[in-house]
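Residues per chain, in single letters:
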2 protein chains.
Amino acid sequence: MSLKALYLWFIFLGFYHLSVAAAKVRHFKWDVQYMYRTPDCLEHAVMGINGQFPGPTIRAQAGDTLHIELTNKLSTEGVVIHWHGIRQLGTPWADGTASISQCAINPGETFHYRYKVDRPGTYFYHGHYGMQRSAGLYGSLIVDLPEGQKEPFHYDGELNLLLSDWWHKSAHDQELGLSSNPLRWIGEPQSLLINGRGQFNCSMAAGFGNTTLPQCKFRGNEECAPQILHVLPNKTYRLRIASTTALASLNLAIGNHKMVVVEADGNNVQPLAVDKIDIYSGESYSVLITTDQDPKKNYWVSVGVIGREPKTPQGLTILHYQTTTASKLPTSPPPITPRWNDYARGKAFAGKVLALMGTPQPPKYANRRVILLNTQNKINGFTKWAINNVSLTLPSTPYLGSLKFGLKTAFDQKSPPENFSPEYDIMSPPANPNSKTGNGVYMFKLNTVVDVILQNANSLSANVSEIHPWHLHGHDFWVLGYGDGKFSAGDEKKFNLKNPPLKNTAVIFPYGWTALRFKADNPGVWAFHCHIEPHLHMGMGVIFAEGVQYVRRIPEEALTCGLTAKMFLNREHN
Amino acid sequence: MSLKALYLWFIFLGFYHLSVAAAKVRHFKWDVQYMYRTPDCLEHAVMGINGQFPGPTIRAQAGDTLHIELTNKLSTEGVVIHWHGIRQLGTPWADGTASISQCAINPGETFHYRYKVDRPGTYFYHGHYGMQRSAGLYGSLIVDLPEGQKEPFHYDGELNLLLSDWWHKSAHDQELGLSSNPLRWIGEPQSLLINGRGQFNCSMAAGFGNTTLPQCKFRGNEECAPQILHVLPNKTYRLRIASTTALASLNLAIGNHKMVVVEADGNNVQPLAVDKIDIYSGESYSVLITTDQDPKKNYWVSVGVIGREPKTPQGLTILHYQTTTASKLPTSPPPITPRWNDYARGKAFAGKVLALMGTPQPPKYANRRVILLNTQNKINGFTKWAINNVSLTLPSTPYLGSLKFGLKTAFDQKSPPENFSPEYDIMSPPANPNSKTGNGVYMFKLNTVVDVILQNANSLSANVSEIHPWHLHGHDFWVLGYGDGKFSAGDEKKFNLKNPPLKNTAVIFPYGWTALRFKADNPGVWAFHCHIEPHLHMGMGVIFAEGVQYVRRIPEEALTCGLTAKMFLNREHN
């Protein structure tokens, strides 16, 4: 670190402490436990918080410190919660990633997440251990502007839509199937949930003939009755939409209403008018709608699967003009979800999401480029996903502690590969399907500007290349561009350095590449992974780290496992 | 401790170390993981070891040291293994009880169980965390006499039968149901397993007309085909029978063959000839059979449920005289299981199990008496079991570490009650059903002779009092007697002090009491609990401790959780 950098660092720390001191602390006491619920009208064990599924919505103001006292009330399972989209500046131990930022919280124990929500936006939180997100451990986290500040867009009210997918097979069973040889794939979800509510064995839109399911009949107090969105005519509403699906890529539309996209992953974007919006797992958007339609009618909000051949009925709820009765169904059928494999449409949408003027621009050049080839592979007969031929298996000692204390046996000390063979044919199944497991770390010098090229490829089956939404912890990145085929030297000339959107999740399209740039300016250890939970479980992720030597005050409760615990115990003798 | 006691202690330690030094160390590397299996011809996730279900059978000689290197290959669950019947003299940290003797082993981590099997006998091992025993985590542990020593009975060969019960609902779902309000009871098992094998949707004895199930047709390599017991005519066999059922009390019989009981819970007993043997969860027996029947026939081994109204078909296998073909079915129907509620018969059997001459006799008097009333109760609407009105909720810091290091906030410091109100009517549902949770410890001065009177009572439903097999860790006890109704002062005159059997598990019969005596001579913390896994999960247990100040060399890996981990971490600052 140069003297100047050190000086700036101290200034940063100074401001940081000042602002923390001035902020409001919001305190929450949460118990994580399983409960019986009927999220899609069938009863199932669901992982919830304080008896709620989805978990409680957190609402805070930028600059606030959240203090979540999380008690594990499960019987034999550990738990953590990741605060998706919150960068955890100065608090990398609060990122809520088991094996990475902290030890999983043991049953009966309490962990204190204390971190600042430094930036307004639409976020969410979810389990980040095994398949606990699939089990239902998620909720919304909404950060408002600080007092006195205003959004660059107007709205009269807001509505919140947390989207997820749901299986009737337990997350434990899903996990076991994914770890079995031969692979037992989880299949498509049985239902899509909007704010934890869906309908599996009936349809709200049965009258429109595109389903064989009977009409749903709700009294309204059912756990699977839709959460109706109540609006007044001739107003503007902000819809906060976030997707915490385990697998499904989604498209959302509202009958008769246009949407204007204004926020993506906590960053304002250039207003973009659309009829439908694509939302991949790990993404969040705000859209504005104007209630300028016939106020004597209600309208569908519909969510459907894209990117995989759908076997799941649309998720539905009602936009209810309060000038009529809530129980009145719309008169037209729900909006039709686009053809699942119309990737040209998907790419066109992704390419149109651009930063709002005034958003920080990316540095002109990167100091380092990491090219990450995404492949499906075999390891000893087991089906895995690998990055540059390494399938991630998380270590039992979290990286943050082992890097901080130099515990070199905790994970592979060799850096993982930064590129793949130029001969690799991304258009065909791997010539050699065999891969290996690993848990090495991409180490970045603090403040390095990093380019990541995510390169998609053909999976193990011919003519199949899947969608993968990649999510980066601890940072936003600029999405510099999307391209088809194999990334080549000339492609960087097409990078958008003018108004690339700042996001934390970006998709790679089949057989394509996605280019990201970020500044490794947040001391800590950070997961970067496909946000499809079963894919991550099958090894589809990498670990980034920067400036761990500057990390201070890791709470002991983040370190009481594995080699960090043993290190401290070894120094004492009983 | 007096000078003399201290002197004896050093002598003990000296001998202990000498014998350890001379013993053979048997080393095992085990991975615990879920696997798909078809234990009763239906596929289910099963918790197994090294790909085996039941886990590998351990075979050792008395005096050997076992070293089991246990790696948790589960995804998000902790794990421990309890070595049922092994007293863990000098190694209380190796008893394998989560929250009591050690921290649960985290996923990806390895724990080293190192302990001496000091005494020959028929034992078994099983999970002791949540409902992991129900999930299938168990196996046999058989300790032979030291070289040159002989049993007081002769046999030509031996056969091993590990009995269990099996549900089609996952152990996770069972747990959730037990923790729900209203209670969702697990119900009766779908099948009984003999060495991990049972038949749910067919019967081996369909031809005998007492079932509507179709005849099982096995090629023999099915995972649910019975493990046939191969014998030669006119020989004596030792059958080692152990029950690790989650719920079921069992009765075992062999067509046409008498049995002679010679061992119970690792202790030799006065030879007892019987047609059928009762075996409660947590018990083990050896019986001798002589193969003196028609050698051209095969014979049923049948296992049925007693003590609860059975809804589970008999477990069956074949005693195969190798003078005929193994596939030949017996010509008579399987032995009929006794009427489930014929408690007079059950009590008569229990009363006839007596120590073999030469077995150590109990001390004449006890120094302390603890009377433990067993009741079913409500706590905030949840159904629980309680002992003297306290329902056990295990703390997150294991007692062994918190007692050793004086961590007084780890558990209730107040001793739990040693008796119950003399007005309590054991014949009726509790007048006040409400109970409370607790986790206090019954502390015994080292070498105290303790009498425990287990007092049964009516459950929450009128005219119901259930069977409870109580299991003590770290010790054997003498079973001084069984009685009906409420224990009263005069009853102790009926105690059998001459030849009471030494056991580690003893049942209480409905509306009755059972009197036990043991010497608190094993420094450590020890669970004493109903061995019915869902009852323990609902709070039916107590904690005993003695001489913890003499416990040395607790491996650090037993302490890396809860307050013990924090204590060490607090001394260091990062």
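Conventions we followed
Residues numbered from 1 in each chain as written. Chains lettered and ligands numbered in written order. Predicted model: local features only at pLDDT ≥ 70, side-chain atom pairs only at ≥ 80, totals over all residues. Heavy atoms only, no water. Helix = DSSP H or I, 4+ residues; strand = E, 2+ residues; numbered from the N terminus. Rg over C-alpha atoms; globule rule 2.2 N^0.38 Å. Contact = heavy atoms within 4.5 Å. Buried < 20%, exposed > 50% of the residue type's maximum accessible area, 1.4 Å probe, protein only. Polar contact = N/O pair within 3.5 Å; in protein donor to acceptor, adjacent residues only side chain to side chain. Disulfide = S-S within 2.5 Å. Least-squares fit on C-alpha atoms with pLDDT ≥ 70 in both. 1 Å grid on protein atoms, 1.4 Å probe; cavity = no way out; pocket = protein on both sides within 12 Å on 5 of 7 lines; lining within 4 Å. Points joined across faces, edges and corners; volume = space filled by probe spheres on them. Nonpolar A, V, L, I, M, F, W, Y, C, P; charged D, E, K, R; others polar. Domains from an automatic or database assignment. Pairing = 2+ DSSP bridges. Axes fitted to C-alpha atoms, helices over the stretch in contact; angles between N-to-C directions. Arc of directions from axis to C-beta. pLDDT = per-residue confidence, 0-100. Buried area = accessible area lost by both parts, 1.4 Å probe. Salt bridge = Lys/Arg side-chain N within 4 Å of Asp/Glu carboxyl O. Core = buried A, V, L, I, M, F, W, Y, C linked by side-chain atoms within 4.5 Å.

Asks: Got a minute to help me understand the overall build of chain A in this structure?
Replies: From N to C terminus, chain A includes six helices and 32 strands. The C-alpha radius of gyration computed for chain A amounts to 23 Å, which stays within 12% of the reference 25 Å derived for 574 residues, consistent with globular compactness. Summarising its shape, the C-alpha atoms of chain A cover approximately 70 × 60 × 50 Å along the three principal directions. Long-range pairs, those at least 24 residues apart, make up 78% of the contacts in chain A with a sequence separation of at least 6.

Asks: In this structure, what is going on with the environment of Asn458(B)? I would like to understand it.
Replies: Residues and elements named next belong to chain B. Mapped onto the fold, Asn458 is located in the loop between β25 (448–455) and β26 (468–472). With relative accessibility at 0%, the residue Asn458 sits in the buried group. A C-alpha to C-alpha distance of 8.5 Å links Asn458 and Asp425, two positions 33 residues apart in sequence. Ignoring anything within four residues of it in the chain, the contact list for Asn458 reads Ile426, Met427, Ser428, Pro429, Pro430, Asn463, Val464, Ser465 and Tyr511. Looking at Asn458, its side chain comes within polar contact range of the main-chain nitrogen of Asn463, at 3.2 Å. A distance of 2.6 Å separates polar atoms of two side chains, one belonging to Asn458 and the other to Tyr511.

Asks: What is the right way to look at the state of the cysteines in this model?
Replies: A disulfide bridge is the covalent bond that connects two cysteines by way of their sulfur atoms. Within this structure, the stated rule accounts for six disulfides over all chains. One disulfide in the model links Cys41(A) with Cys224(A); its S-S distance is 2.0 Å. On the sign convention where negative is left-handed, the bridge of Cys41(A) and Cys224(A), at about 95° about the S-S bond, is right-handed. Here the residue Cys41(A) occupies a position in the loop between β1 (25–37) and β2 (44–49), and Cys224(A) occupies one in the loop between β10 (191–194) and β11 (229–231), the gap between them amounting to 183 residues. Residue classification places Cys224(A) among the buried positions, given a relative accessible area of 5%. The disulfide partner of Cys103(B) is Cys561(B), and the gap between their sulfur atoms is 2.0 Å.

Asks: Help me understand the relation of the copies chain A and chain B in this model?
Replies: Both copies of the chain are related by one operation, a rotation about an axis with a shift along it. When chain A is fitted to chain B, the best match, at an RMSD of 0.0 Å, comes from turning it 180° and sliding it 0.0 Å along the axis. What we have between these two chains is a two-fold relation. Residue Glu77(A), judged by its C-alpha, is the member of chain A lying nearest the rotation axis, at 2.1 Å. A shared interface surface links the copies, since 100% of the contact residues of chain A are contact residues in chain B too.

Asks: Looking at this structure, I do not really get empty space enclosed by the protein. What am I missing?
Replies: Residue and element names in this part refer to chain A. Enumeration according to the criterion identifies 15 cavities of 30 Å³ or more in this entry. Considering the residues around the largest cavity, the lining is formed by 13 residues, among which Ala104, Ile105, Glu109, Glu557 and Thr560 are closest to the centre. In terms of residue class, the lining of the largest cavity is built from five nonpolar, five polar and three charged. Taken together, domain 1 (3–144) and domain 3 (368–568) each give at least three residues to the lining of the largest cavity, which thus spans both.

Asks: Looking at this structure, I do not really get the pairing of strand β7 (residues 121–127) of chain A. What am I missing?
Replies: Within a regular strand, side chains alternate between the sheet's two faces. Residue and element names in this part refer to chain A. Among the seven residues in β7, seven count as buried, and that is most of the element. Direction of pairing for strand β5 (residues 81–84) relative to β7: antiparallel, over a ladder of four bridges. Note that in β7 the partner of His82 across the bridge is His126. Of the strand pairs in this sheet, β7 and strand β8 (residues 138–144) are connected by six bridges, and their pairing is antiparallel. Within β8, the residue paired with Thr122 across the bridge is Ile142.

Asks: Please explain the sheet that holds β5(A) as it appears in this structure.
Replies: Adjacent strands of a sheet form backbone hydrogen bonds with each other and so pair up, either parallel or antiparallel. All names here are of chain A. Strand order across the open sheet formed by four strands is β3-β8-β7-β5, with mixed pairing between neighbours. Each having just a single partner strand, β3 (58–61) and β5 make up the two edges of the open sheet. The average angle at which neighbouring strand axes cross in this sheet is 20°, direction not considered.

Asks: Would you mind showing me how to read helix α3 (residues 343–352) of chain B here?
Replies: An α-helical turn contains 3.6 residues, so a residue and the one three or four places further along point in the same direction. All names here are of chain B. For α3, every residue scored as buried is listed here: Tyr343, Gly346, Phe349 and Ala350. For α3, the angular spread of the buried residues around the axis is 120°, confining them to a single face. Of the surrounding secondary structure, the elements contacted by the buried residues of α3 are β15 (267–274), β16 (276–279), β17 (284–290) and β27 (477–484).

Asks: How should the confidence of the model for chain A be read in this particular structure?
Replies: Predicted coordinates in regions of low pLDDT should not be interpreted in detail. Predicted confidence across chain A gives a mean pLDDT of 95, with 95% of residues reaching 70 or more. Of the regions scoring below 50 in pLDDT, residues 10–21 of chain A engages in seven contacts with residues more than four places distant in sequence or in other chains.

Asks: Can you walk me through the domain arrangement of chain A in this structure?
Replies: A common way to report how large an interface is uses the accessible area buried once the components associate. Residues and elements named next belong to chain A. The domain architecture assigned to chain A consists of domain 1 (3–144), domain 2 (157–352) and domain 3 (368–568). With centres defined by C-alpha atoms, the gap from domain 1 to domain 3 works out at 22 Å. If you look at the interface, domain 1 gives 29 residues, while domain 3 gives 37 residues. Here domain 1 packs against domain 3, burying approximately 2,600 Å² in sum over the two surfaces, 60% of which is carbon and sulfur. Of all residues in domain 1, Ser99, Ile100 and Cys103 bury the most surface against domain 3, accounting for 24% of the area lost on that side. Counting across the interface, domain 1 meets domain 3 through one salt bridge. Where Arg119 meets Asp476, a salt bridge forms, and the shortest distance between an N and an O atom there is 2.3 Å. Remark: the boundary between domain 1 and domain 3 carries 20 residue pairs in polar contact (both at pLDDT 80 or more).

Asks: It is not clear to me how the nonpolar core should be interpreted in this structure. Could you clarify?
Replies: If you look at soluble globular proteins, the nonpolar side chains tend to sit buried side by side. With 85 residues, the main nonpolar core has Trp30(A), Ile68(A), Trp83(A), Tyr113(A), Tyr115(A), Leu141(A) and Phe528(A) as its most contacted residues. Sequence-distant contacts of Trp30(A), defined by excluding residues within four places in its chain, comprise Ile49(A), Asn50(A), Pro56(A), Ile58(A), Ile68(A), Glu69(A), Leu70(A), Thr71(A), Ile81(A), Trp83(A) and Tyr125(A). One finds Ile387(B), Leu400(B), Trp470(B) and Ala545(B) within the second-largest nonpolar core, a separate group that totals 84 residues.

Asks: Would you take a moment to explain the environment of Leu192(A) for this structure?
Replies: Residue and element names in this part refer to chain A. Locating Leu192 in the fold gives a position in strand β10. A relative accessible area of 4% places Leu192 in the buried class. Sequence-wise, Leu192 and Thr312 are 120 residues apart; in three dimensions their C-alpha atoms are separated by 7.2 Å. Residues within four places of Leu192 in sequence aside, it is in contact with Ser164, Asp165, Arg197, Gly198, Ala248, Leu250, Val303, Gly304, Val305, Thr312, Pro313 and Gly315.

Asks: Would you mind showing me how to read the sheet that holds strand β29 (residues 505–508) of chain B here?
Replies: Residue and element names in this part refer to chain B. Reading across the sheet, the five strands line up as β24-β32-β31-β26-β29 and stay open at both edges, with mixed pairing between neighbours. The open sheet has two edge strands with one neighbour each: β24 (442–444) and β29. Geometrically, the sheet is characterised by an average inter-axis angle of 20° between neighbouring strands, direction not taken into account. Relative to strand β32 (residues 541–546), strand β31 (residues 524–530) runs antiparallel, the two sharing six bridges. Counted as the bridge partner of Trp526 is Phe544 from β32.

Asks: Whenever I open this one, the interface of chain A and chain B confuses me. Can you help?
Replies: Taken together, the contacts link 44 residues of chain A with 44 residues of chain B. For the pair chain A and chain B, the summed buried area comes to about 3,900 Å², and 54% of that belongs to carbon and sulfur atoms. Between chain A and chain B we count four salt bridges in total. Counting the contacts that link chain A with chain B gives 13 residue pairs in polar contact (both at pLDDT 80 or more). Considering every element that reaches the side of chain A that touches chain B, the biggest residue donor is helix α6 (residues 562–571) of chain A, with seven residues.

Asks: Could you clarify how one ought to interpret helix α2 (residues 171–178) of chain A in this entry?
Replies: Here α2(A) lies mainly inside the structure; seven of its eight residues are buried. Every buried residue of α2(A) is listed here: Ala171(A), His172(A), Gln174(A), Glu175(A), Leu176(A), Gly177(A) and Leu178(A). Contacts from the buried residues of α2(A) go to β1 and α5 (533–537) of chain A together with β1 (25–37), β2 (44–49) and α2 (171–178) of chain B.

Asks: Sorry, what's going on with the pattern of salt bridges here?
Replies: A side chain of one charge can pair with a side chain of the opposite charge when the charged atoms of the two come close. All names here are of chain A. Going through the model one piece at a time under the given rule, you end up with 52 salt bridges over all chains. Across the pair Glu158 and Arg59 runs a salt bridge, and its minimum N-O distance is 2.9 Å. In this pair, Glu158 sits in strand β9 (residues 157–166) while Arg59 sits in strand β3, placing the two residues 99 residues apart along the sequence. Taking the relative accessible area as the measure of exposure, Glu158 reaches 24% and is therefore partly exposed. A relative accessible area of 34% means that Arg59 is categorised as partly exposed. The partner of Asp278 in a salt bridge is Arg345, with the nearest N and O atoms 3.0 Å apart. A residue pair is termed long-range when its members are at least 10 positions apart, and Asp278 in strand β16 (residues 276–279) and Arg345 in helix α3 (residues 343–352) qualify at 67 residues. Assessed through its relative accessible area of 1%, Asp278 is described here as buried.

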